[in-house]
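Secondary and tertiary structure notes
What follows is each chain in one-letter form.
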Amino acid sequence: MVLYRANEALFSHPQVDEIEYLETPAPPFERPPGTYLAAGLPHARVAIAAVSLLPSLFFLLALPRTRRNLLLSGLMAAEPTLALSGIQLLPEAPAAALAALSLVLAHRGRNRMGGFVLGAAALFRGELLLLLPLLPILGRKGRTMALFALAAVAPVIAVNVASGGPPSVASTGGVNLWIGSEWSLLSTPPGVEFEQLMEVRPGQTFTGRAAAVIADDPAGWAFRGVIKALAFFTLPGPGRNIDSGEALKPLIALLGVTALFLAGAAGMRRDLASVLMISGILSAFLFFPSVRYRVVFLPAFALSASSLPWKRLIPALPAVLVLSLLLPYPGHVRPGLNTLLTAQNALRENNAPMCLALLDEAVHHGFEGADIHNIRASAMAIEGREFREVLMEFGLALEAAPRSPTVWRNMAAFLWNYGRTGHAQEAARTAVRLDPGLEAELSEILGE
């Protein structure tokens, strides 16, 4: 509750989550299908926040009642990044709950059900499928789990293939592989600047673009992968869509719990928890590290830490802290991103004065770039500011992001509303050339 109240303005709208998935035209299973289920729940935010407590409950009810396991259960309930995923309506919380349940089932020898539950978790976070080639390490038990995990995702894969889509449970794998292939992609926050980088020409795919980067500089790509894998262990943790450090300020002391769990990596052995831990690190190496994605694997790290001798756990804790303080990771979000997102939410609600005040605050925090000017220009237009003043702000946005269809679309609407028909049509044609999907939205301005 403390975390939600401190970030209520930021979370008043979804970020990159289930509600957005429902509102975006896409084939049924192109995005993680679990997100559709979660978005349809009544009082979804409360429901997902409650789901974030399930790993703690599973450990409490299913593991032997030793002092360590009781402590583990209590700490899982207090882990702040899991709570953050819960109040953001993100699929990481259900995926983490299912991963924890799978660990408990495997601990009790129920390998078939444990494997099926792991597959179900992958319907929320596709990165979990990375564990499938690793599970056979566990011998017959692992092969059984891999088979039943496949049984959980096979219907979704079959539907995707039958409808002409990719044979996957989510379409974001290729995009994330590409984003994680270059520092410039990781260091550009979501928005109109990144929108330019996302442009795919006919015949190109994001997976193909990633493959080209890897082929051009395999050593450089591998080096970046190692840095990303190390950044997986940093506190509060890296991210792209949200500044987790800023969001977690009210619970900053509880990051010690996260550090304790991450130190469980020192307890690698031949068991399911270790396979999950390796999958999480491999996910960061291939794609990119993020607090959101790391949450899915935290139950495995926690379970490993709970059974690790203190003489191995205690040296691992300083290693996490040293990485957090000293690792130069270029993929951290720009400071002020959360404030910018809150300003964007205020603009959606047509609260231009609040939006402009928040943009000034974001600049004060250190945020810079095209999004500041694009959002500010739109807010100024709503306030009815002078034509020249608003146009100048759009010009600054285009200087930073000249190939952003969103900026050209917004400027076209602004010019149209001010009666500058010819210039509005020219801006609209540019927007459609950059993103043909905008043609229907801009049809009135285009005269079609």
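This one's a predicted model, so the numbers in the text were calculated from it and none came from an experiment. (Residues numbered from 1 in each chain as written. Predicted model: local features only at pLDDT ≥ 70, side-chain atom pairs only at ≥ 80, totals over all residues. Heavy atoms only, no water.)

This part is about the overall build of the chain. If you tally the helices and strands in the chain, you get 27 helices and zero strands. For the chain, the proportion of contacts with a sequence separation of at least 24, taken over those separated by at least 6, is 72%. In the structure as shown, the chain presents an accessible area of about 19,700 Å², 63% of it carried by carbon and sulfur atoms. (Helix = DSSP H or I, 4+ residues; strand = E, 2+ residues; numbered from the N terminus. Contact = heavy atoms within 4.5 Å. Areas by Shrake-Rupley, 256 points an atom, 1.4 Å probe, with all protein chains shown as cover.)

We now examine the packing of aromatic side chains. Enumeration over the complete set of coordinates arrives at twelve aromatic pairs. An angle of 85 degrees between the planes, with centres 5.4 Å apart, marks the rings of Trp221 and Phe285 as edge-to-face. Here Trp221 is found in helix H15 (residues 218-231), whereas its partner Phe285 is found in helix H18 (residues 272-286), with 64 residues between them in sequence. One aromatic cluster in this structure is built from Phe387, Phe394, Phe414 and Tyr418. (Phe/Tyr/Trp six-rings, centres within 6.5 Å; stacked < 30°, edge-to-face > 60°.)

In this structure, Ala377 sits in helix H23 (residues 370-383). With near-sequence residues (within four places) excluded, Ala377 lies in contact with Val390, Glu393 and Phe394.

So, on to the confidence of the model for the chain. Taken over all residues, the pLDDT of the chain has a mean of 87, while the share at 70 or more is 88%. In this model residues 15-19 is a low-confidence stretch, pLDDT under 50, and it forms 22 contacts with partners more than four residues away in sequence or in other chains. Considering only residues more than four positions removed or in separate chains, one finds that residues 21-30, a stretch of pLDDT under 50, has 18 contacts. (pLDDT = per-residue confidence, 0-100.)

Before going further, it helps to spend a moment on the nonpolar core. Grouped together as the largest cluster of nonpolar side chains are 57 residues, with contacts concentrated most on Leu135, Phe261, Leu272 and Leu276. With nine residues, the single largest contributor to this core is helix H19 (residues 291-306). Counting residues in each nonpolar core, the second largest holds 52 residues, with Ala346, Phe387, Ala397 and Leu398 among its members. (Core = buried A, V, L, I, M, F, W, Y, C linked by side-chain atoms within 4.5 Å. Buried < 20%, exposed > 50% of the residue type's maximum accessible area, 1.4 Å probe, protein only.)

Turning to the environment of Ala362, a few remarks are in order. When you line up the elements, Ala362 lands in helix H22 (residues 352-365). Distance in space between the C-alpha atoms of Ala362 and Leu340 is 5.7 Å, their sequence separation being 22 residues. Here Ala362 is in contact with Pro335, Gly336, Thr339, Leu340, Phe367 and Ile372, once residues within four sequence places are set aside.

Turning next to the environment of Ser404. When you line up the elements, Ser404 lands in the loop between helix H24 (387-400) and helix H25 (405-417). On the basis of relative accessibility, which here comes to 0%, the residue Ser404 falls in the buried class. For the pair Ser404 and Ala370, spaced 34 residues apart in sequence, the C-alpha separation works out to 9.4 Å. Once residues within four sequence positions are removed from consideration, Ser404 is found in contact with Val192, Glu195, Gln196 and Leu434.

Following Leu235, the chain continues into Pro236 via a peptide bond in cis, with omega recorded as 0 degrees. Here Pro236 lies in the loop between H15 and helix H16 (244-247). A positive phi angle, near 60 degrees, is found at Asn350, a position not held by glycine. One can find Asn350 in the loop between helix H21 (337-348) and H22.

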